[in-house]
Amino acid sequence: MARWCYRHRLVVLVLWVGALFGLGAAGTSAGTDYSNVFSLPDTDSKQAYDLMTKAFPQSSGDTDTVVWRSSGDQGPVTDSAVRSRIEPALKEIAGMRGIGRVAGPYEKNGAAQISRDGRTAYAQITFTGQANEVPKDLVQKVVDTAQGAERDGLQVELGGQAITRIQEPPTGVSEVVGIAAAAVVLFLAFGSLFAMLLPIVVAIMGVGSGMMATMLLSHVTNVPEVAPLLGSLIGLGVGIDYALFIVTRHRRGIQRGLDPEESAVRALNTSGRAVLFAGGTVCIALAGMLVMNLRFLDGVVIATSLTVVLSVLAAITLLPALLGLLGPRVLSSKQRRKLAETGPDPAEASGPAARWSAYVQRRPRAIAATALVVMAVLALPVLSLRLGATDQGNNQESTTTRQAYDLLAEGFGPGFNGPLQVVVPGGADTTELVRTIRATDDVAQAAAAPPAEGVTVIQVVPETSPQSVGTDRLIDRLRDDVIPEAGVEAHVGGVTAVFKDFASVTGDRLPYFVGAIIGLGFLLLLIAFRSLVVPLTAALMNLIAAAASFGVLVAVFQWGWGTEFLGIGKEGPITAFLPVIMLSLLFGLSMDYQVFLVSRMHEEWVHTGDNARAVRVGLAETSRVINCAALIMICVFSAFVLSGDMEGAMAGIGLAAAVALDAFILRTALVPAAMHLLGRSNWWLPDWLERRLPHLAVEPAESSAALPNEPPGAPPTEPPGAPPSEPPGAPPTEPIKSAGLIKPAESMESGSTGGATVVHGFLRTPDGDPLDGASVTLVSRGGRQLDRVTSLADGSYIVSVPGPGAYVLAVTAHGVAPRARHITVGGGPLVYDVELTDDGADLVN
């Protein structure tokens, strides 16, 4: 498929652009129909909600509030001087098109809308549509008209969902900032403008398609308003990262001498397969939210999973097409000149990544201990985690919604912004119950509304704020003591009670959710890497990363550390549904990094059987791209602080912290240090389990494909680019018997399983100097290329052999004539040193 997309790049590009514009046109014309369904089955607040919906059908429009307070020389709000300014403004608002009704305190039954000290009053404005349907220009006109009545000593503020819309930054600000920051990181990493643009274009196409599709799906199923934000957040992160992994592999292939088309195909067949696996793990982790059985999360699963799927699809189809358009220009001009002048780069990793990898190998205990201490300290705040709900009291102090919230709390009590509803069905007498509730501790006031359809609603205003622990205790006291003692059937509802029940249900079901996603991740890694220790290590690291990231979240949003610096408003409890969403995304992203890191280690382990070398080489070759990918995700996630949405800011900061800790501490320090300490145990798997597990190749070796145009059963051939084994005038090639078998314990930490073994040795010049950068290829007698490696700086090489038998070993190097030899491999590793001369390669052993 990668080759087809590369060669038919214009067709693929037209299809993607057409799909994006088609979905965009359909989504724009259909609009959105997002809905926040927080109903929880088998909860007290759900029963109260159902009874209220039946007895008091909700009004068709959103209801917002205008609050004013007189101070200083101004008299109470009932004075003519205040009324003469407020009443005309309310009358003008009531006459606007799109306003259903304005209920003010100066009406016949409006005395309850004036505070006891007479200094604060409020009016309720009911729009004809829901908050997300009210035009922003109408909302702005209402705000301007109301605040136009202000003067010295008279403050006017507005609150409500519709008012919140005009405080939000322009749509897409956080996305644009995140993409711009990612572009800077990509340019520094690649040094090429075209290479920088590739991951960004792929991510935009995937996320754009996902957002448009989510808009259409909102008309079919319940999709909460926060779902598109979370979808774009995770879509941008994985979309850029997945494209980054593939482009990095493609650029490396070209720099090592591959044709651009062949390099793109190999990149998709290696890193592309890993991207498919990683995207699947993210979707599985997201689907784990369904275990919670919360309708609110179903829409989040749909939106985020759809965006991830489209991002992966863009990476494996659109990206090879774009690579075909660019050709060698995916490298910078400087890199292209270097390739033309000095030839392909060696395969050996070098630079800071290699030096850090060697340092981890030398001091694994100290590094592991330091990393564990850092993660433990960051995880300490999670012990005080409290789930709840955010409201307009958490907005920034400069917003009118926050000031309206504070004025109401000051004038009518902290609990006024989050009243409770005690719903009594069956037409029972509620006089005694109201009297008992009024006498209950932490209750500021309680009043029963006239019954309807046999249902009576008692409005209860707590003395504490909606986010206070005291309000949670009051709800429990009403349910457990007050209502049962009154001898009537009643249910406690309201927004505050709903979120309390939501947090309670989330806490009860969270262990099952964590167990489900850890179990699925463990199974996938077990199949992919044929090891019990690797998936166990990954599960433990995921739990450590989750604890530390939630510790950061608690410190910032619940304790208020740095909230002023970040400009995210007042501290409060962590939103009840956020742990489930964050854990899904965190486990999915952590699995991505684990796959990319360990797959390279596993590949080296299969080739050499040397755990220390496998961990060192795997870390040296992947840590740079993992850190670059993590830095991009941190930029994208952190930018969502600018979204104007508290849940989005929490998710952004929490995930940015999780990715930073996971990539920079766990995957590049703690995981490799632990794998060095565990040694050969990393790759242990019982024989009975090995036989029963299916085989899943996450990232096959680049040279695993058969030689082109070689039918099965064909006679032995040379590797691509090598001359015939028997050139004219050359001595005949003689079969080489096993030159020397050494025990596995003498050459490596453990032997390979299933009959697999290796051929290894050194490449030397006639003077005995090591020869690096030479190509060593193992070919089957039937003509299939089985493995191909490049010698290291010390001249060493190791090729993987599937089992005992006869093979062809070919050696090629710059400036010398290549030569192939028949070898016979027994039941163990074969030592095969090679001396390269101008005439060819000769056996030394």
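Residues numbered from 1 in each chain as written. Predicted model: local features only at pLDDT ≥ 70, side-chain atom pairs only at ≥ 80, totals over all residues. Heavy atoms only, no water.

Side note on unusual backbone geometry
Although it is not a glycine, Asp442 sits at a positive phi angle of roughly 70°. The topology assignment puts Asp442 in the loop between α16 (431–438) and β7 (443–448). Phi angles above zero are rare outside glycine, and Glu453 is one such case at about 55°. Residue placement: Glu453 occurs in the loop between β7 and β8 (456–462). (Helix = DSSP H or I, 4+ residues; strand = E, 2+ residues; numbered from the N terminus.)

Some details on the sheet that holds strand β13 (residues 785–790)
With respect to topology, four strands assemble into an open sheet ordered β13-β12-β15-β16, the strand pairing being antiparallel. The two strands at the open ends of the sheet, each matched to only one other strand, are β13 and β16 (819–825). Pairs of neighbouring strands in the sheet enclose a mean axial angle of 20°, with direction left out of account. Note: strand β12 (residues 775–780) against β13, five bridges, orientation antiparallel. In the sheet register, Leu778 faces β13, and the bridge partner there is Asp787. (Pairing = 2+ DSSP bridges. Axes fitted to C-alpha atoms, helices over the stretch in contact; angles between N-to-C directions.)

Focus on the pairing of strand β6 (residues 420–424)
Taking burial as the measure, the five residues of β6 include five buried ones, the bulk of the element. Along β6, one buried face is formed by Leu420, Val422 and Val424 and the opposite face, lined by Gln421 and Val423, is buried too. Judged from the five bridges that link them, β6 and β8 form a sheet pairing that is antiparallel. The residue bridging Leu420 from the neighbouring strand is Val460, located in β8. As defined by bridge partners, β6 adjoins strand β9 (residues 491–493) across three bridges and the pair is classed as antiparallel. Counted as the bridge partner of Val423 is His491 from β9. (Buried < 20%, exposed > 50% of the residue type's maximum accessible area, 1.4 Å probe, protein only.)

Some remarks on empty space enclosed by the protein
Tallied over the entire structure, the rule returns seven cavities of 30 Å³ or more. Taken as a whole, the largest cavity encloses approximately 70 Å³ of empty space. Lining the largest cavity are Thr281, Ile284, Ala285, Ile517, Leu520, Gly521, Leu524, Phe587 and Met591. Elements with a minimum of two residues in the lining of the largest cavity: α10 (260–287), α18 (495–529) and α21 (578–608). Here the lining of the largest cavity is built from residues that sort into seven nonpolar, two polar and no charged. (1 Å grid on protein atoms, 1.4 Å probe; cavity = no way out; pocket = protein on both sides within 12 Å on 5 of 7 lines; lining within 4 Å. Points joined across faces, edges and corners; volume = space filled by probe spheres on them. Nonpolar A, V, L, I, M, F, W, Y, C, P; charged D, E, K, R; others polar.)

Comments concerning the side chain of Asp787
Structurally, Asp787 can be placed in strand β13. At 8.8 Å, Arg788 is the nearest oppositely charged side chain to Asp787, a buried residue that forms no salt bridge. In this structure the side chain of Asp787 is engaged in a polar contact, spanning 2.8 Å, whose partner is the backbone nitrogen of Ser800. (Lys, Arg positive; Asp, Glu negative; His and termini not counted. Salt bridge = Lys/Arg side-chain N within 4 Å of Asp/Glu carboxyl O. Polar contact = N/O pair within 3.5 Å; in protein donor to acceptor, adjacent residues only side chain to side chain.)

Quick notes on a positive patch on the surface
On the surface, a cluster of positive charge is made up of Arg329, Lys334, Arg336, Arg337 and Lys338. Its location among the elements puts Arg336 in helix α12 (residues 333–342). (Patch = residues over 30% accessible without salt bridge, like charges linked within 9 Å, V, L, I, M, F, W, Y side chains within 5 Å. Areas by Shrake-Rupley, 256 points an atom, 1.4 Å probe, with all protein chains shown as cover. Charge placed at Lys NZ, Arg CZ, Asp CG, Glu CD.)

A closer look at the packing of helix α9 (residues 226–255) against α10
Where α9 meets α10, the axes come as close as 8 Å, and the angle between the chain directions of the two elements is 155°. As summarised for this structure, α9 and α10 are arranged roughly antiparallel, according to the angle between their axes. When the axes of α9 and α10 are compared, the crossing they make is right-handed. Contacts between α9 and α10 involve Tyr242, Phe245, Ile246, Arg249, His250, Gly253 and Ile254 on the former and, on the latter, Pro260, Ser263, Ala264, Ala267, Leu268, Thr270, Ser271, Gly272, Val275, Ala278, Gly279 and Val282. Classifying every residue of the contact of α9 with α10 gives 11 nonpolar, seven polar and one charged. (Parallel < 35°, antiparallel > 145°, perpendicular 65-115°, else oblique. Left-handed = near helix turned anticlockwise from the far one by under 90°. Contact = heavy atoms within 4.5 Å.)

Comments concerning the sheet that holds strand β1 (residues 63–70)
Spatially, four strands are ordered β2-β3-β1-β4 in an open sheet, and the strand pairing comes out antiparallel. The open sheet has two edge strands, β2 (99–103) and β4 (154–159), and neither has a second partner. Neighbouring strand axes in the sheet, compared pairwise and without regard to direction, differ in orientation by 20° on average. Contacting β1, β2, β3 (120–127) and β4, helix α4 (residues 80–94) crosses the sheet at an angle of about 160° to β2. Contacts from helix α5 (residues 136–147) reach β1, β2, β3 and β4, with the element oriented near 160° to β4.

Things to note about the pattern of salt bridges
Following the criterion strictly, the structure yields 19 salt bridges and no others. Note that Glu261 is salt-bridged to Arg3, the shortest N-O span being 3.3 Å. You can see Glu261 sitting in helix α10 and its partner Arg3 sitting in helix α1 (residues 2–7), a full 258 residues away along the chain. You can call Glu261 buried: its relative accessible area is 16%. Across the pair Arg479 and Asp501 runs a salt bridge whose closest N-O atoms are separated by 2.8 Å. Placement of Arg479 in helix α17 (residues 469–486) and of Asp501 in helix α18 is noted, with a sequence separation of 22 residues between them.

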